[in-house]
Amino acid sequence: MKSIEIDTDSGAEICQLTDGERPADNIYGEQPYSTPQGDRVVIRYYGTDAVDGGLSVLNLTDGSVQPILQGTARFPAFHAWGEHLYFQVSVGEKLLLKRCHLQTLEQEEVVELPTERGRFSYGTVSPDLRYYAASVHVDDGTCEVLLMDLVGGGQRSLAKSGDQYFKHEQFSLDGANRLLIQANQLPDVVEVHLGVLDVEGREGFQWLPADRPHTPRPTGHEAWIGRSDRVFFSTASDPGQEDNLWTAGLTDRAPILAARAGFRFSHVSVSRCGRFWIGDATRQEGVPIYVGSLASGQHRRLVFSRTEHDDKQWSHTHPYMTADNQWLIYTSNRSGRPQVHGARIPGEFLDGL
């Protein structure tokens, strides 16, 4: 970990958290791979001809990096600000869901996944650790959302479709175990719908007011807002109307515009406390990352990521805040190789929003 810059406008201290010959990224921002204490984050490394890739945990207190998994790493399951990292590993012909405690680094097998049902997405684990839900894709083109009870055992299908591609599943953080699903309309994905499944209640989707006629098509970047039943998401924009950040709840008949910026955002996330949103402006020079208040509507640039998109996920910032709102974590290839960066957030910065 090395300090490389102080942002003269925000006062944020920018640090490069990883280094070396392997490309690295922070995986994704909508449900942060970070501890509830805010002291550790998960890093994904990509292999090179000389060194394997894998998953590691980085200690923000002392800068140490400890490996969790060596070799090609699957995308880990969403489990926002959790004590554990959940991930899939292949053992022979079996596909196992495992977990690693992010403080002790102890690992254990959770469950064998029923791959005879189809190809598993990375999935998501509920905050109470009871459920694992994943989109499963079959060769005949159908798709289902499969729920597995990690405590009581058993599994059941929550939804199935032949004309929608389910992905980006995320459990809510409010204890209600609602499941947010992105449903891409096939075959051309001209529509991207956002639906919620009630794991322990009513059957079928509750569709959020997203996509036409409510908004332009969502970008596929969405996140729960704290411990609420509301979702924050970005969309495309209409001619003459660049603002594209929205919130929507289960009982809303129309979405609410979250910020009036006059320009587009792409990747988004929400702080654990539910007060702040984070988004990058990929069309602006230096790809700045902004933080905004959901209450006041105010927003301000925290840093320039200075990443340059190269059609690879590792060049996307995927920004998020640690659980204690002390760090902004993001990926940038500003050094010439994708690496994970962090910006220490001045307390007065958030107070000013």
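Quick summary incoming for the structure in this document. In this text, all values refer to a predicted model and were calculated from it rather than measured experimentally.

**Quick notes on the nonpolar core**
Counting residues in hydrophobic clusters, the biggest one holds 17 residues, and the most contacted among them are Tyr33, Leu55, Ile68, Leu69, Leu85 and Phe87. Elements with a contribution of two residues or more to this core: strand 5 (54–59), strand 6 (65–70), strand 7 (84–91) and strand 8 (94–101). With three residues, the single largest contributor to this core is strand 7. Sequence-distant contacts of Tyr33, defined by excluding residues within four places in its chain, comprise Asn26, Ile27, Tyr28, Arg40, Val41, Val42, Phe75, Pro76, Ala77, Phe78, Leu85 and Tyr320.

**Regarding the pairing of strand 8**
Relative to strand 8, strand 7 runs antiparallel, the two being bridged by eight bridges. Each bridged residue has a counterpart across the sheet, and for Tyr86 the counterpart in strand 8 is Arg99. Between strand 7 and strand 8, which pair antiparallel in sequence order, lie two residues; one of them, Gly92, sits at a positive phi of approximately 65°. One ladder, built from five bridges, connects strand 8 with strand 9 (residues 107–112); its direction is antiparallel. Each residue of the ladder has a partner; that of Lys98, found in strand 9, is Glu109. Counted between consecutive antiparallel strands, the loop separating strand 8 from strand 9 contains five residues, among which Leu105 sits at a positive phi close to 65°.

**Considerations on the pattern of salt bridges**
A complete count under the given rule lists 16 salt bridges for this structure. For the salt bridge of Lys2 with Asp19, the shortest nitrogen-to-oxygen distance reads 4.0 Å. Linking Lys2 in strand 1 (residues 2–6) with Asp19 in the loop between strand 2 (13–16) and strand 3 (24–25), this pair joins segments that are 17 residues apart in sequence. Exposure remark for Lys2: the relative accessible area of 43% places this residue in the partly exposed category. We note a salt bridge from Asp174 to Arg178, for which the minimum N-O separation is 2.5 Å. For Asp174, a relative accessible area of 26% translates into the label partly exposed.

**A few points about the pairing of strand 12 (residues 131–137)**
Judged by how many residues are buried, strand 12 sits mostly within the fold: seven of seven residues are covered. Residues Tyr131, Ala133, Ser135 and His137 line one face of strand 12 and the alternating positions Tyr132, Ala134 and Val136 line the opposite face, and both faces are buried. Taken together, the two bridges between strand 10 (residues 119–120) and strand 12 define a ladder with antiparallel strand orientation. When the sheet's bridge partners are listed, Phe120 is paired in strand 12 with Val136.

**Describing the sheet that holds strand 9**
Pairing is antiparallel in the open sheet, where three strands are placed in the order 7-8-9. The open sheet is flanked by strand 7 and strand 9, the only strands paired with a single partner. Across the sheet, the mean angle separating the axes of adjacent strands is 30° when strand polarity is ignored.

**Structural notes on the sheet that holds strand 3**
As summarised here, the arrangement of the four strands in space is 3-4-5-6, forming an open sheet in which the pairing is antiparallel. Here the strands that pair on one side only, and so sit at the sheet edges, are strand 3 and strand 6. Where strand 3 meets strand 4 (residues 40–45), two bridges bridge the pair, whose relative direction is antiparallel. Bridge pairing links Ala24 to Tyr45 in strand 4.

**Focus: the side chain of Thr247**
Structurally, the position occupied by Thr247 is in strand 21 (residues 245–249). By relative accessible area, which is 8% here, Thr247 ends up buried. Reaching out from Thr247, the side chain makes a polar contact with the side chain of Arg230 at a distance of 3.0 Å.

**Notes on the environment of Asp62**
Tracing the sequence through the fold places Asp62 in the loop between strand 5 and strand 6. Side chain to side chain, Asp62 and Ser64 meet in a polar contact 2.7 Å long.

**Remarks on the packing of aromatic side chains**
Throughout the structure, instances matching the rule amount to 15 aromatic pairs. An angle of 75° between the planes, with centres 5.5 Å apart, marks the rings of Tyr28 and Phe75 as edge-to-face. Residue Tyr28 is found in the loop between strand 3 and strand 4, and its partner Phe75 is found in the loop between strand 6 and strand 7; the two are separated by 47 residues along the sequence. Residues Tyr33 and Phe78 carry aromatic rings whose centres are separated by 6.0 Å and whose planes lie at 25° to one another, so their mutual orientation is stacked. Separated by 45 residues along the polypeptide, Tyr33 in the loop between strand 3 and strand 4 and Phe78 in the loop between strand 6 and strand 7 bring together distant segments of the chain. In this structure, Tyr33 and Phe78 share a single accessibility class: buried. Among the aromatic residues, those joined into a cluster by ring pairs are Tyr28, Tyr33, Phe75, Phe78 and Tyr122. Geometry around Tyr45 places Arg22 over its ring, the cationic atom sitting 3.9 Å from the centre.

**As for unusual backbone geometry**
The step from Leu186 to Pro187 runs through a cis peptide bond, and the omega angle for that step is 5°. With omega at 10°, the peptide bond leading from Arg212 into Pro213 counts as cis. Positive phi, close to 70°, is recorded for Leu129, a residue that is not glycine. Checked against the element boundaries, Leu129 lands in the loop between strand 11 (124–125) and strand 12. For Leu129, a relative accessible area of 30% gives the class partly exposed. Its identity is not glycine, yet Arg306 carries a phi of approximately 60°, on the positive side. For Arg306, the location among the structural elements is in the loop between strand 26 (299–304) and strand 27 (320–321). We classify Arg306 as partly exposed; its relative accessible area is 35%.

Rules and cut-offs
- Residues numbered from 1 in each chain as written.
- Predicted model: local features only at pLDDT ≥ 70, side-chain atom pairs only at ≥ 80, totals over all residues.
- Heavy atoms only, no water.
- Core = buried A, V, L, I, M, F, W, Y, C linked by side-chain atoms within 4.5 Å.
- Buried < 20%, exposed > 50% of the residue type's maximum accessible area, 1.4 Å probe, protein only.
- Helix = DSSP H or I, 4+ residues; strand = E, 2+ residues; numbered from the N terminus.
- Contact = heavy atoms within 4.5 Å.
- Pairing = 2+ DSSP bridges.
- Salt bridge = Lys/Arg side-chain N within 4 Å of Asp/Glu carboxyl O.
- Axes fitted to C-alpha atoms, helices over the stretch in contact; angles between N-to-C directions.
- Polar contact = N/O pair within 3.5 Å; in protein donor to acceptor, adjacent residues only side chain to side chain.
- Phe/Tyr/Trp six-rings, centres within 6.5 Å; stacked < 30°, edge-to-face > 60°.
- Lys NZ or Arg CZ within 6 Å of the ring centre and 35° of its normal.

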